[in-house]
Amino acid sequence: MKLNLTTSTPDAASTEPTGENPVEKLIVLGSGPAGLTAALYAARAKLNPLVVGGHEPGGQVSLTYEIENYPGFPEGLSGQALVDLMTRQAEKFGARIKLFSAVSEVDFSHGSPFTIKTDDGQAYRAEAVIVTTGATPRHLNIPGERELTGNGVSYCATCDGFFFRDKRVVVVGGGDSAIEEALFLTRFASRVDVVHRRDELRAGQTLQQRAFANEKMHFIWDTVVDEVVGEDGKVTGVRLSNIKTGEQTLYPTDGVFIFIGHDPNSDIFTGQLERDDFGYVVTDKLMRTNVEGVFAAGEVQDRIFRQVATSVGQGTAAALTAERWLAAREVPELAATESAG
């Protein structure tokens, strides 16, 4: 894929540090697998990267109870454990990770150095930026969902499963995430009902086998949730509709866990970076965006795979490409090679 790069030559005044905001070589936005891997490679390349980690350190993977398909860990490990290891490794080589601070505004329109502002009132400038802001769980946007979030409606089984010990819960979705989280919930809940709009799951075969073999799990096919019903501020049921028969049912439950996919955290880049029809940041195979010096990796640009392993690979590619780009700026003879790549 060939991108039309948006380039700009800033005037001399804008390239010099003001004293208030010295220019960083590289800033990574996000602290999930893609961001931490990019930070690791950049740190080993002596770029002294700064990572703006966001309010969910580790991103969505840190909320995953067990990861069994990441190479090198045959016994599996929790998402939080994997993030902790990645963080320690990146910091070991000099990455500076600023947690609980999220990007609130960017200015990529005037070329490098780029301006980044965070929600804690800080402002930064960077010669290069790697965007790894990930994705956010998708909502059903039905009556009762927002009102009862935190009071029976949840998007994270590992966060809230403990509170549903010996209770009935509904899981909405049929993909890998939904079934993984539903299996985790069987550790606490007395019954887990999976509501899926199709008549078969989209999850991998291994997960399906485990789900169908679990006596606590039950499946409600060809059905959608129209409303979350509550009483005294707590979930008491869901209103279901069978999409084939049209039959509607008020189904009792104590909790609703929603896993129907994610939306990329890219709105902040509207008008700054090219995005596709689904909101994902567009990159070429070298992780370059349409703005020269800005790269992207992980779920913010990956609509197809969305795996930890692929995010790690994309973070690696972004860091290596950024390193080459920065080197070409310092050594003019390399510029032709970089642009040809």
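Here is a short report on the structure shown in this document. (Residues numbered from 1 in each chain as written. Predicted model: local features only at pLDDT ≥ 70, side-chain atom pairs only at ≥ 80, totals over all residues. Heavy atoms only, no water.)

### Description of the overall build of the protein chain
The condition is simple: Here a helix means four or more residues in a row that DSSP labels H or I, a strand means two or more in a row labelled E, and each is numbered from the N terminus. Radius of gyration here is computed from C-alpha atoms only, and the compact-globule reference equals 2.2 Å multiplied by the residue count raised to the power 0.38. Each residue's exposure class comes from its accessible area (1.4 Å probe, protein chains only) as a fraction of the maximum for that residue type: buried when under 20%, exposed when over 50%, partly exposed otherwise. To measure how exposed things are, a 1.4 Å probe is used in the Shrake-Rupley method; for residues, cover is taken only from the protein chains shown. When charges are tallied, Lys and Arg are placed among the positive residues and Asp and Glu among the negative ones, while His and the ends of the chain are skipped. Each charge is placed at NZ for Lys, CZ for Arg, CG for Asp and CD for Glu.
If you tally the helices and strands in the protein chain, you get eight helices and 17 strands. For the protein chain, the C-alpha radius of gyration of 22 Å lies close to 20 Å, the compact-globule estimate for 341 residues. In terms of principal-axis extent, the alpha carbons of the protein chain reach across some 70 × 40 × 35 Å. By the burial criterion, 49% of the 341 residues in the protein chain qualify as buried. On the protein chain, roughly 16,900 Å² of surface is accessible, and the fraction owed to carbon and sulfur atoms is 49%. Across the protein chain, 32 positive and 46 negative side-chain charges occur, with their mean positions spaced 3 Å apart.

### Some words on the sheet that holds strand 14 (residues 248–252)
The condition is simple: The pairing criterion for strands is at least two bridges between them, as found by DSSP. Here an angle of 0 to 180 degrees is reported between the N-to-C directions of two axes, which are lines fitted to C-alpha atoms, with helices fitted over the stretch in contact.
Taken together, the three strands give an open sheet; going across it, the order is 12-13-14, and neighbouring strands pair in antiparallel fashion. The sheet terminates laterally at strand 12 (223–231) and strand 14, the two strands that pair on one side only. When strand polarity is set aside, the average angle formed by the axes of neighbouring strands in this sheet is 25°.

### Observations regarding the pairing of strand 10 (residues 191–195)
Rule in force here: When the strands point away from the viewer and the connection leading from the first strand across the helix to the second strand turns clockwise, the crossover is called right-handed.
The buried count for strand 10 comes to four of five residues, which makes it a mostly enclosed element. Of the strand pairs in this sheet, strand 9 (residues 168–172) and strand 10 are connected by five bridges, and their pairing is parallel. Looking at the pairing, Val-170 lines up with Asp-193 of strand 10. Handedness of the crossover is the feature at issue here: the chain leaves strand 9, passes through helix 5 (residues 176–185), returns alongside strand 10, and the resulting connection is right-handed.

### Quick word on the side chain of His-196
Basically, it comes down to this: Contact definition: two residues touch when any of their heavy atoms are within 4.5 Å.
Position of His-196 relative to the elements: it lies in the loop between strand 10 and helix 6 (205–213). Taking the relative accessible area as the measure of exposure, His-196 reaches 3% and is therefore buried. His-196 has contacts with Gly-173, Gly-174, Leu-201, Arg-202, Ile-220, Trp-221, Asp-222 and Thr-223, leaving out every residue within four places of it along the chain.

### So, the nonpolar core
Note the following rule: Throughout this description, the term nonpolar core refers to a set of buried Ala, Val, Leu, Ile, Met, Phe, Trp, Tyr and Cys residues connected via side-chain atoms within 4.5 Å.
If you look at the biggest cluster of nonpolar residues, it comprises 33 residues, and the most contacted ones within it are Leu-26, Tyr-70, Leu-82, Ile-130, Phe-295 and Val-308. Put simply, the parts of the chain that give this core at least two residues each are strand 1 (23–29), helix 2 (33–44), helix 3 (79–92), strand 6 (123–131) and helix 7 (308–330). In contact with Leu-26, not counting residues within four places along its chain, are Ala-42, Leu-47, Pro-49, Leu-50, Ala-128, Val-129, Ile-130 and Ala-322.

### Considerations on helix 3
Because each turn of an α-helix spans 3.6 residues, side chains separated by three or four positions in sequence point in the same direction. Note the cut-off: Multiplying one less than the number of residues by 1.5 Å gives the expected span of a helix. When we speak of the arc, we mean the arc of directions from the helix axis to the C-beta atoms.
For helix 3, with 14 residues, the first-to-last C-alpha span of 20 Å sits near the 20 Å given by 1.5 Å per residue. All buried positions along helix 3 are accounted for by Gly-79, Leu-82, Val-83, Met-86, Thr-87 and Ala-90. Mapping the buried residues of helix 3 onto a view down its axis gives an arc of 135°, with all of them on the same face. For helix 3, the exposed residues set more than 90 degrees away from the buried face come down to Arg-88 and Lys-92. Positive backbone phi, approximately 110°, marks Gly-94, located one or two places after helix 3.

### Describing helix 2
An ideal rise of 1.5 Å per residue puts 16 Å on 12 residues; helix 2 measures up with 17 Å between its terminal C-alpha atoms. When you tally the buried positions in helix 2, you get 10 out of 12 residues, the bulk of the element. When we look at burial in helix 2, the residues that qualify are Pro-33, Ala-34, Gly-35, Leu-36, Thr-37, Ala-38, Ala-39, Leu-40, Ala-42 and Ala-43.

### Details of the pattern of salt bridges
A side chain of one charge can pair with a side chain of the opposite charge when the charged atoms of the two come close. Rules: Whenever a carboxyl oxygen of Asp or Glu lies within 4 Å of a side-chain nitrogen of Lys or Arg, that contact is scored as a salt bridge.
Following the criterion strictly, the structure yields 13 salt bridges and no others. A salt bridge links Asp-267 to Arg-275; the nearest nitrogen and oxygen atoms lie 3.1 Å apart. With relative accessibility at 27%, the residue Arg-275 sits in the partly exposed group. Residue Asp-284 is joined to Arg-288 by a salt bridge in which the shortest nitrogen-to-oxygen separation is 2.8 Å. Judged by relative accessible area, Asp-284 falls into the buried class, the value being 7%. Exposure remark for Arg-288: the relative accessible area of 14% places this residue in the buried category.

### Quick word on the layout of surface pockets
Formally: A 1.4 Å probe that fits but cannot get out identifies a cavity on a 1 Å grid over protein atoms alone, an open set with protein on both sides within 12 Å along at least five of seven lines counts as a pocket, and a residue lines either if it has an atom within 4 Å of a point. Grid points are joined across faces, edges and corners, and a volume is the space filled by probe spheres set on the points. Each residue gets one label: Ala, Val, Leu, Ile, Met, Phe, Trp, Tyr, Cys and Pro are nonpolar, Asp, Glu, Lys and Arg are charged, and the others, such as Gly, are polar.
Within this model, the second largest pocket holds a volume of roughly 310 Å³. Lining the second largest pocket are 13 residues, with Asn-151, Gly-152, Phe-164, Lys-234 and Asp-254 sitting closest to its centre. For the lining of the second largest pocket, the secondary-structure elements that each account for two or more residues are strand 8 (153–154) and strand 13 (234–242). Broken down by element, the residue count for the lining of the second largest pocket peaks at three residues, all from strand 13. Across the lining of the second largest pocket, the residue classes tally to four nonpolar, five polar and four charged.

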